[in-house]
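Structural features, examined
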Amino acid sequence: MEFKTAVFYFLAAILVFAGLRVITARNPVHAALFLVLSFFTAGGIWLLLQAEFLAITLVMVYVGAVMVLFLFVVMMLDINLDRIRQGFWNYLPVGALIGILMVVEMAMVLGGRYFDLDSMPAPPPAAADYSNTAELGRVLYTDYVYPFELASLVLVVAMVAAVSLTLRKRKGNKYVQPSDQVAVKREGRVELVKMPAETE
């Protein structure tokens, strides 16, 4: 077995273990820390695939920003774990059905002809000035520009929906209508006053 293959199996085992602990850990802080471990391990696997930009992005964005936010929110909130666990077993059949469907889908995808490594030709060696960041940008903004734009539209809709769902009107809060701000004229805000000059 090659060293690269051994490292892949080692990282894959850690990733599977961390993913299982994310959904089975009783403490939310422990679950978030196992999610951090799974992100680091996925970044290591991407490094093995020579996708350095994706690995660094995963570590910087998810571990450096998103998971810090998760940990901050989890530790600041007073979560009643006993109340959360109530009715857990009522959702087990639906969860098991979704899990089985996901396993079947993954088996169909990974068992298809797209992942037949014996019949796939070896990729050509990369040039000396090859940049996987530039290549990723070229493919993303040429071949997959429409799915990329669609994904950005979905994210914008999700952001607007999250803001709308959490927006609460409270008594005593002062707010200005944006339409009133746009429709304002100079004459309504600025008053020019002529005053005689002071003389000593």
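Residues numbered from 1 in each chain as written. Predicted model: local features only at pLDDT ≥ 70, side-chain atom pairs only at ≥ 80, totals over all residues. Heavy atoms only, no water.

On to the UniProt feature "transmembrane region" (unreviewed entry) in the protein chain. If you check UniProt for "transmembrane region" (unreviewed entry), the listed places come out as residues 6–24, 31–49, 55–77, 89–115 and 144–167 in our numbering. Strand forms 0% of residues 6–24 and helix 100%; the C-alpha atoms that close the span are 27 Å apart. (UniProt positions renumbered as here; feature names shortened; annotations may be inferred. Helix = DSSP H or I, 4+ residues; strand = E, 2+ residues; numbered from the N terminus.)

In this structure the tally under the stated criterion is one salt bridge. Ionic pairing is found between arginine 138 and glutamate 135, a salt bridge with its closest N-O pair at 2.7 Å. Taken together, the residues span about one helical turn, with arginine 138 and glutamate 135 both in helix H6 (residues 132–142) at a distance of three residues. (Salt bridge = Lys/Arg side-chain N within 4 Å of Asp/Glu carboxyl O.)

Turning to helix H2 (residues 28–48), a few remarks are in order. Compared with an ideal rise of 1.5 Å per residue, which puts 21 residues at 30 Å, H2 spans 30 Å between its outermost C-alpha atoms and is within 8% of the ideal. The complete set of buried residues in H2 reads Ala31, Ala32, Val36, Ser38, Phe39, Thr41, Ala42, Gly43, Gly44 and Ile45. Looking at the packing, one finds that the buried side of H2 touches helix H1 (3–24) and helix H3 (52–76). Where H2 terminates, the next one or two residues include glutamine 50, which has phi positive at roughly 60°. (Expected span 1.5 Å × (residues − 1). Buried < 20%, exposed > 50% of the residue type's maximum accessible area, 1.4 Å probe, protein only. Contact = heavy atoms within 4.5 Å.)

Ala32, Val36, Phe39, Ala42, Leu58, Val63, Met67 and Leu71 together form the largest nonpolar core, which totals eight residues. When residues of this core are traced back to their parent elements, those giving at least two are H2 and H3. When sequence neighbours within four positions are dropped, the list of residues in contact with leucine 58 reads Phe39, Ala42, Gly43, Trp46 and Val63. (Core = buried A, V, L, I, M, F, W, Y, C linked by side-chain atoms within 4.5 Å.)

Right, let's talk about a nonpolar patch on the surface for a bit. The grouping of Leu69, Phe70, Phe72, Val73, Met76 and Leu77 at the surface amounts to a nonpolar patch, some 620 Å² of accessible area in total. Note on placement: valine 73 falls in helix H3. (Patch = residues over 30% accessible without salt bridge, like charges linked within 9 Å, V, L, I, M, F, W, Y side chains within 5 Å. Areas by Shrake-Rupley, 256 points an atom, 1.4 Å probe, with all protein chains shown as cover.)

For the rest of this paragraph, the subject is the packing of H3 against H6. Where H3 meets H6, the axes come as close as 8 Å, and the angle between the chain directions of the two elements is 90°. With respect to each other, H3 and H6 are oriented roughly perpendicular. Within the contact between the two elements, H3 uses Glu52, Phe53 and Leu54 and H6 uses Asn132, Thr133 and Leu136. Across the contact of H3 with H6, the residue classes tally to three nonpolar, two polar and one charged. (Axes fitted to C-alpha atoms, helices over the stretch in contact; angles between N-to-C directions. Parallel < 35°, antiparallel > 145°, perpendicular 65-115°, else oblique. Nonpolar A, V, L, I, M, F, W, Y, C, P; charged D, E, K, R; others polar.)

Another aspect to go through is the side chain of serine 38. Tracing the chain through its elements places serine 38 in helix H2. By relative accessible area, serine 38 is classed as buried at 8%. When near neighbours in sequence (up to four residues on either side) are disregarded, serine 38 contacts Leu15 and Ala18.

Quick look at the confidence of the model for the protein chain now. Of the residues in the protein chain, 89% have a pLDDT of 70 or more, and the chain-wide mean is 81. Looking across the protein chain, the model is least confident in helix H4 (residues 81–85), with a mean pLDDT of 65, and most confident in H1, with 90. (pLDDT = per-residue confidence, 0-100.)

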